[in-house]
Amino acid sequence: MSVQRLRSAFEEGVAGVGVAPDALPAIQAKVRRRARQRQRLTVALAGAAAVAIGGTAVLLVTRPTPVPPPVIAPPTVDSSPSPQSSPTATATPVPTTARVPVYFGGPGERLFREYVTVTILYGGNGDFQALDRSLRGDADDPDYGTRWPAGARVQATTQGPDGMATIDLTGLPASTVPDPLAVQQLVYTYTAVWAEQGIQVPGVRITIDGVPVPGAQPFTRASSVDTLAPLWLISPQQGASVSRTFDVHLAGSVFEAAARLRVRDAGGAVVRDDQVMLSIGAPSRGEAHLSLTLPPGTYTLEAYFVSQADGSERGLDDHTITVS
Amino acid sequence: VWSVHPAVPADEPGQWTADEAVTRLFATQYRPLVRLATLLLRDPGQAEELTQDAFVALHQKWGRLRDHERAVAYLRQTVANRARSALRHRNVVDRFLRRAVEPDPMPSAEAGALAAQGGAELLAAVRRLPTRQREALVLRYYLDLSEAQTAGVMGVSVGAVKSHTARALVALRRHLGEER
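Residues numbered from 1 in each chain as written. Chains lettered and ligands numbered in written order. Predicted model: local features only at pLDDT ≥ 70, side-chain atom pairs only at ≥ 80, totals over all residues. Heavy atoms only, no water.

1. Overview of the overall build of chain A
Step number 1: Along its length, chain A carries 5 helices and 14 strands.
Step number 2: The contacts in chain A between residues at least 6 apart in sequence include a share of 63% that link residues at least 24 apart.
Step number 3: Surface exposure of chain A reaches about 15,000 Å², of which carbon and sulfur atoms provide 55%. (Helix = DSSP H or I, 4+ residues; strand = E, 2+ residues; numbered from the N terminus. Contact = heavy atoms within 4.5 Å. Areas by Shrake-Rupley, 256 points an atom, 1.4 Å probe, with all protein chains shown as cover.)

So, in structure tokens, the structure goes:
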């Protein structure tokens, strides 16, 4: 094999590789976005320093863009000025909002998911805020909560060059041993937020004030069959207001894909009770969308399934909604 | 804020603003860099993303570079570093997810014409080389860089470039020999 043959192979191999017609505007937009993020990070760091009390700084670290971090380059052209070294930034943070998936503990020792809208002050994708909601058990559905003790807070989230994440918690005794479902509550939440952006986080370390919690670190998602509630009423969410005709979204892992949806009116009377076939049966997780039309009023939607073993109702997930 | 370009842009790179440097270098370097990244990474979409980020990084560094040759070297180096980093990240993810190796998304238009000459087969063999060996080959024989330039981009010694290149060629010849 000659070197010339290698050159031809390279040339012809990339001959069909085109470039995006809007590449230059895309770069220019990224430059502007980066400039804004650097300003916000400076403000965030300044703010964190300002609230440092008793040596404990509240430091919010998020990865601003889903780009693999560069390997250190030779000194001739590397090392940018650190954001801390530009003390002139006076920008006020511009809050943005994001809709993020958050997992909560719930009935039957399983996890449930809600999409919540969070406010992001200093850039990032909302992973910090999603974890905060999860830790506090701040769900719309009163049946959902947290598996973590009261007072637990997120201190920082970081990702290493290998993509491995670390969630540092505080407000807990150092001796805290989280139960496996509590760990999964955070692992599912964090990985879901990143997965929405197409980033697969390979593993998550959980620390309390920098000290790893006991367990098989880094943690990964445990099997959904053992972790997630068998049936979720995804939408409408608890407390939602919907129009007369609305979409109901169910997901779950149930035998023969057979779920049921019951609707009760404000007085508790059953308005209807239908079988809903999910897209696939257990052990896979299937989904179903159906359209319901109801007269205005307050209703409770109850998703459940019937046990093959004894005919009892299982896996109830109910949401009260308003139809107007 | 993106500055408004002067009506007659300065032709001396030392005079360019960071915005001008990005625009000027984009015109000549963007496509070759995307192709370089594609050869290193196998994924044209990710290659383009990564090349755009290299230009964003250049914008930040322009104040220190202020030189056409150094800027081009910086872009190549950033693309090579980020491609290496992306491959490492991809490997970690693959290992954790125990995912089967994805089908190669490189455009396979060459499959027909080149297969006869073994071009596709040769490229496939290049893709199986260790990262550093592949980098050395692509920089030397796709970008036609000298050994010294290749060493600069890879951040290694000229001796290391020679040995990576030699080993890569031996591996390729062995691989092609075995298949015949």
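2. Describing the pattern of salt bridges
Residue and element names in this part refer to chain A.
Step number 1: Inspection of every chain in the model, using the stated rule, returns 17 salt bridges over all chains.
Step number 2: Measuring nitrogen to oxygen at the nearest pair gives 2.9 Å for the salt bridge that ties Arg-136 to Asp-132. In this pair, Arg-136 and Asp-132 are both assigned in helix α3 (residues 127–136), 4 residues apart and thus about one turn of the helix distant.
Step number 3: The salt bridge involving Arg-262 is made with Glu-313; its shortest N-O contact spans 2.8 Å. With Arg-262 in strand β10 (residues 258–265) and Glu-313 in strand β14 (residues 313–323), this pair connects stretches of sequence that are 51 residues apart.
Step number 4: Three or more residues are tied together by salt bridges with common partners; here these are Asp-132, Arg-133, Arg-136 and Asp-138. (Salt bridge = Lys/Arg side-chain N within 4 Å of Asp/Glu carboxyl O.)

3. Some remarks on the packing of aromatic side chains
Step number 1: Under the counting rule described, the total for this entry stands at 8 aromatic pairs over all chains.
Step number 2: Here the aromatic rings of Trp-16 of chain B and Trp-62 of chain B are separated by 6.0 Å at their centres, their planes lie at 25°, and the arrangement is stacked. In this pair, Trp-16 of chain B sits in the segment before α1 (18–41) while Trp-62 of chain B sits in helix α2 (residues 44–65), placing the two residues 46 residues apart along the sequence.
Step number 3: For Trp-62 of chain B, a relative accessible area of 1% gives the class buried.
Step number 4: Among the aromatic residues, ring-to-ring pairing joins Tyr-103, Tyr-188 and Trp-232 of chain A into one connected group.
Step number 5: We note Arg-262 of chain A situated over the ring of Tyr-304 of chain A; from NZ or CZ to the ring centre the distance is 4.3 Å. (Phe/Tyr/Trp six-rings, centres within 6.5 Å; stacked < 30°, edge-to-face > 60°. Buried < 20%, exposed > 50% of the residue type's maximum accessible area, 1.4 Å probe, protein only. Lys NZ or Arg CZ within 6 Å of the ring centre and 35° of its normal.)

4. A short note on the pairing of strand β5 (residues 204–208) of chain A
Residue and element names in this part refer to chain A.
Step number 1: Most of β5 is tucked away, with 4 of its 5 residues classed as buried.
Step number 2: As paired elements, strand β4 (residues 165–170) and β5 share 5 bridges and run parallel to each other. Paired with Thr-166 across the strands is Arg-205, a residue of β5.
Step number 3: The β-α-β motif built from β4, the intervening helix α4 (residues 180–195) and the parallel element β5 has right-handed crossover chirality.
Step number 4: Relative to strand β6 (residues 211–212), β5 is paired through 2 bridges, and the arrangement is antiparallel. The residue bridging Ile-208 from the neighbouring strand is Val-211, located in β6.
Step number 5: What sits between β5 and β6 in their antiparallel hairpin is a turn of 2 residues, with Asp-209 showing a positive phi close to 50°. (Pairing = 2+ DSSP bridges. Right-handed = clockwise from strand over helix to strand, strands pointing away.)

5. Observations regarding the packing of helix α1 (residues 3–14) of chain A against helix α6 (residues 131–141) of chain B
Step number 1: One can describe the packing of α1 of chain A onto α6 of chain B by two numbers: an axis separation of 10 Å at closest approach and a directional angle of 90°. Here α1 of chain A is positioned roughly perpendicular relative to α6 of chain B, judged by the angle of their axes. Contact residues: Val-3, Leu-6, Arg-7 and Phe-10 of chain A in α1 of chain A; Leu-137, Val-138, Arg-140 and Tyr-141 of chain B in α6 of chain B.
Step number 2: Of the residues that constitute the contact of α1 of chain A with α6 of chain B, the class distribution is 6 nonpolar, no polar and 2 charged. (Axes fitted to C-alpha atoms, helices over the stretch in contact; angles between N-to-C directions. Parallel < 35°, antiparallel > 145°, perpendicular 65-115°, else oblique. Nonpolar A, V, L, I, M, F, W, Y, C, P; charged D, E, K, R; others polar.)

6. A look at the pairing of strand β1 (residues 96–106) of chain A
Regular strands show a simple pattern: their side chains alternate between the two faces of the sheet.
Step number 1: Across the 11 residues of β1 of chain A, 8 count as buried, placing the element largely inside the fold.
Step number 2: Hairpin connection, β1 of chain A to strand β2 (residues 110–120) of chain A: the antiparallel pair is bridged by 3 residues, and Gly-108 of chain A has positive phi, about 75°.

7. Quick notes on unusual backbone geometry
Step number 1: Ser-235 of chain A connects to Pro-236 of chain A through a cis peptide bond whose omega is 0°.
Step number 2: Mapped onto the elements, Pro-236 of chain A comes out in the loop between β7 (231–235) and β8 (241–242).
Step number 3: With omega at 5°, the peptide bond leading from Ala-282 of chain A into Pro-283 of chain A counts as cis.
Step number 4: Tracing the backbone through its elements, the reader meets Pro-283 of chain A in the loop between β11 (270–277) and β12 (286–293).
Step number 5: A positive phi is found at Asp-209 of chain A, a non-glycine position, where the angle reads about 50°.
Step number 6: With respect to the helices and strands, the residue Asp-209 of chain A is situated in the loop between β5 and β6.
Step number 7: A positive phi angle is found at Asp-144 of chain B, which is not glycine, with a value near 60°.
Step number 8: One can find Asp-144 of chain B in the loop between α6 and α7 (147–154).
Step number 9: A relative accessible area of 49% means that Asp-144 of chain B is categorised as partly exposed.

8. Here's the deal with the sheet that holds β12 of chain A
Residue and element names in this part refer to chain A.
Step number 1: Sheet architecture is open: 3 strands sit in the order β7-β9-β12, paired in antiparallel fashion. Each edge of the sheet is formed by a strand with only one pairing partner; in this case those strands are β7 and β12. On average, adjacent strands in this sheet sit at an angle of 25° to one another, irrespective of strand direction.
Step number 2: Bridge analysis of β7 against strand β9 (residues 245–252) gives 4 bridges, and the strand direction is antiparallel. Paired with Leu-231 across the strands is Gly-252, a residue of β9.

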